[in-house]
Amino acid sequence: MSDMQVSPRMMRRVVAASVIGNALEWFDFAIFGLFAVVISRLFFPAHSDFASLLLALATFGVGFAMRPLGGVILGLYGDRVGRKKALSLTIVLMAIGTGMMGVLPTYQAIGIAAPLLMVLARLIQGFSTGGEFSGATTMLIEFAPEHRRGFYGSFQMCSQALAFSCGALAAYLLTAHLTPQALDAWGWRIPFLFGILVGPVGWVIRARVDESPEFVAYLREKAEKKHAGRDSIKSSFVSLFRDYPREMLATLCICVVGTVSAYVFVFFMPIFAKRQLGMPIADVNLATFVGTAVLLVCCPLAGHLSDRYGRKAVYLPGMIAYGIAGYFLFRHFVQSPSFESLLLAQVLISFFMSFFWGPTPITLTEVFPVGVRSTGASITYNVGVLVFGGLAPLFNTWLVKATGSNMAPIYYVMVSVVIGLIGALLLPGAAARLRPRTA
């Protein structure tokens with residue numbers, strides 16, 4: 001809202017609450033992917049290393065099955081009682097799931113109970129994260145000045161890049177300085193145990209921020225019109241599909257290209273480089289760290305450009321350049337696997353990824369009015385992640401094995417680029433630089 005006044009101090013608190021909390025949540029997801037090979041040996045023993053890895057990656061994907069459910073429930077909760085309460089709940093749930101993963105006994109110690117408890121922990125994480133991104137993004141952009149919402153919204157993607165970067169750095173330090181025996185015995189647990197800080201630290205940070213001024217104004221408007229007791233969760237949910245089908249389809253398509261880029265180049269690429277191409281694990285983690293650091297730096301630039309020139313003006317060239325660069329850089333890496341070719345691919349692909357990562361948070365939220373904003377963003381984001389992201393490492397690992405071609409994953413990326421371009425073209429508004437809606 002153009003007339004709301006937010007102090008610089010409170011704006012800093014909101015940015016910290018959104019970015020730090022979201023980063024801590026995604027840190028836990030990142031380290032699971034980076035330590036998937038170790039986890040597969042300890043929790044999912046099978047007749048072959050490949051089968052064990054598939055089971056571990058399937059468990060990674062299981063968490064995503066809960067995300068749409070968590071997104072809907074926590075999104076509706078945030079749209080009814082407030083962004084602040086919903087975010088405090090998500091951070092506690094994630095701490096529970098992460099704490100379980102850090103202390104679970106292995107298959108050798110407790111048998112079949114070990115993988116079952118690992119799956120339960122992933123389900124709790126998935127439910128929590130389902131409401132985290134949309135809730136934190138909604139809170140952030142509702143505090144931000146109208147003309148800078150793309151810039152401030154991009155900090156959500158910075159938080160994800162920060163999480164991936166910290167996860168990769170932790171994995172690099174552990175794999176570079178510990179023996180394989182020590183890494184398997186206790187080293188892999190350290191990042192998960194650190195992730196338990198999600199609960200107390202995140203909760204304290206979020207408890208110190210006010211409720212979103214735009215949401216408070218929305219509740220006041222409802223009360224003045226005597227609508228507070230008449231609307232229902234069902235009517236809010238149905239109105240999304242009835243009144244905003246184009247917005248939902250456009251944002252879903254945009255989520256697809258962003259999701260595939262993350263789970264192919266940040267999660268799958270390290271697994272692929274280590275297992276399929278036999279690269280040293282420390283080199284792989286270092287290249288991943290540098291690539292995610294590029295995302296961290298460039299996402300705010302992309303968000304700023306989207307404020308100035310419009311969302312489509314940033315999305316379209318960014319996606320096209322990413323698709324072209326991704327194909328040739330991935331092919332070069334497959335043909336000449338080395339630390340240098342992997343680093344080049346990770347850095348340049350991450351640079352182009354940032355131009356559709358940065359504007360995504362504001363785009364997912366600004367197309368919906370305040371009363372259904374958190375729910376709408378939750379549904380489109382989590383459905384896109386479930387269908388195209390969570391199972392991407394599993395699907396691509398299987399695809400490489402089934403086709404015998406190391407180039408198979410890049411075709412999955414190309415399909416996502418086409419879907420993303422369709423979404424960008426479908427965005428409402430001539431320039432797709434939309435003004436926030438409050439009704």
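Everything here concerns the structure above.
The structure displayed is predicted, hence computed values, not measured ones. (Residues numbered from 1 in each chain as written. Predicted model: local features only at pLDDT ≥ 70, side-chain atom pairs only at ≥ 80, totals over all residues. Heavy atoms only, no water.)

This part is about the overall build of the protein. Scanning the protein from terminus to terminus reveals 21 helices and 0 strands. The C-alpha radius of gyration computed for the protein amounts to 21 Å, which stays within 12% of the reference 22 Å derived for 439 residues, consistent with globular compactness. Dimensions of the protein, computed from C-alpha atoms along their principal axes, come out at roughly 65 × 45 × 40 Å. Each of the 439 residues in the protein was classed as buried or not, and the buried ones make up 59%. For the protein, the share of sequence-separated contacts (at least 6 apart) that also reach a separation of at least 24 residues comes to 87%. Taken as a whole, the protein presents about 16300 Å² of accessible surface, with 69% of it coming from carbon and sulfur. Across the protein, the 34 positively charged side chains and the 21 negatively charged ones have centroids separated by 1 Å. (Helix = DSSP H or I, 4+ residues; strand = E, 2+ residues; numbered from the N terminus. Rg over C-alpha atoms; globule rule 2.2 N^0.38 Å. Buried < 20%, exposed > 50% of the residue type's maximum accessible area, 1.4 Å probe, protein only. Contact = heavy atoms within 4.5 Å. Areas by Shrake-Rupley, 256 points an atom, 1.4 Å probe, with all protein chains shown as cover. Lys, Arg positive; Asp, Glu negative; His and termini not counted. Charge placed at Lys NZ, Arg CZ, Asp CG, Glu CD.)

When its volume is computed, the second largest pocket comes out at roughly 190 Å³. Elements with a minimum of two residues in the lining of the second largest pocket: helix 2 (36-43), helix 8 (149-177) and helix 9 (180-187). Of the residues contributing to the lining of the second largest pocket, the split by class is 7 nonpolar, 2 polar and 3 charged. (1 Å grid on protein atoms, 1.4 Å probe; cavity = no way out; pocket = protein on both sides within 12 Å on 5 of 7 lines; lining within 4 Å. Points joined across faces, edges and corners; volume = space filled by probe spheres on them. Nonpolar A, V, L, I, M, F, W, Y, C, P; charged D, E, K, R; others polar.)

Right, let's get into the pattern of salt bridges. Across all of its chains, the model carries 5 salt bridges by this definition. Glu 142 is the partner of Arg 373 in a salt bridge, and the nearest nitrogen-oxygen pair spans 3.0 Å. Of this pair, Arg 373 sits in helix 19 (residues 373-390) while Glu 142 sits in helix 7 (residues 113-143), and the two are 231 residues apart along the sequence. One exposure class covers both Arg 373 and Glu 142, and it is buried. (Salt bridge = Lys/Arg side-chain N within 4 Å of Asp/Glu carboxyl O.)

This brings us to empty space enclosed by the protein. On inspection of all chains with the given rule, the structure shows 3 cavities of 30 Å³ or more. Considering only enclosed or pocket space, the largest cavity measures out at about 140 Å³ in volume. Surrounding the largest cavity, 15 residues form its lining, Met 157, Gln 160, Gly 258, Thr 259 and Tyr 381 being those nearest its centre. Residue assignment for the lining of the largest cavity shows that the elements contributing at least two residues are helix 8, helix 14 (245-276), helix 17 (339-357) and helix 19. Top element by residues in the lining of the largest cavity is helix 14. It accounts for 6 residues. Here the lining of the largest cavity is composed, by residue class, of 11 nonpolar, 4 polar and no charged. Put simply, the second largest cavity is a space of about 40 Å³. In this structure, the second largest cavity is lined by Phe 265, Val 266, Thr 288, Gly 291, Thr 292, Leu 295, Gln 346, Ser 350 and Met 353. Counting residues per element, the ones that place at least two in the lining of the second largest cavity are helix 14, helix 15 (281-309) and helix 17. The element best represented in the lining of the second largest cavity is helix 15, accounting for 4 residues. Counted by class, the lining of the second largest cavity contains 4 nonpolar, 5 polar and no charged residues.

Now for the packing of aromatic side chains. Under the definition given, this model contains 12 aromatic pairs. Centre to centre, the rings of Phe 43 and Trp 188 are 5.7 Å apart; their planes meet at 85°, and the pair counts as edge-to-face. Here Trp 188 lies in the loop between helix 9 and helix 10 (189-195) and Phe 43 lies in helix 2, a separation of 145 residues in the sequence. For Trp 188, a relative accessible area of 1% translates into the label buried. Pairing Trp 188 with Phe 192 gives two aromatic rings, centres 5.8 Å apart and planes at 75°, and the pair type is edge-to-face. Just as Trp 188 is buried, Phe 192 falls in that class too. Linked through ring pairs, Phe 43, Trp 188 and Phe 192 together constitute an aromatic cluster. (Phe/Tyr/Trp six-rings, centres within 6.5 Å; stacked < 30°, edge-to-face > 60°.)

In short, shape yes, function no, at least from these values alone.
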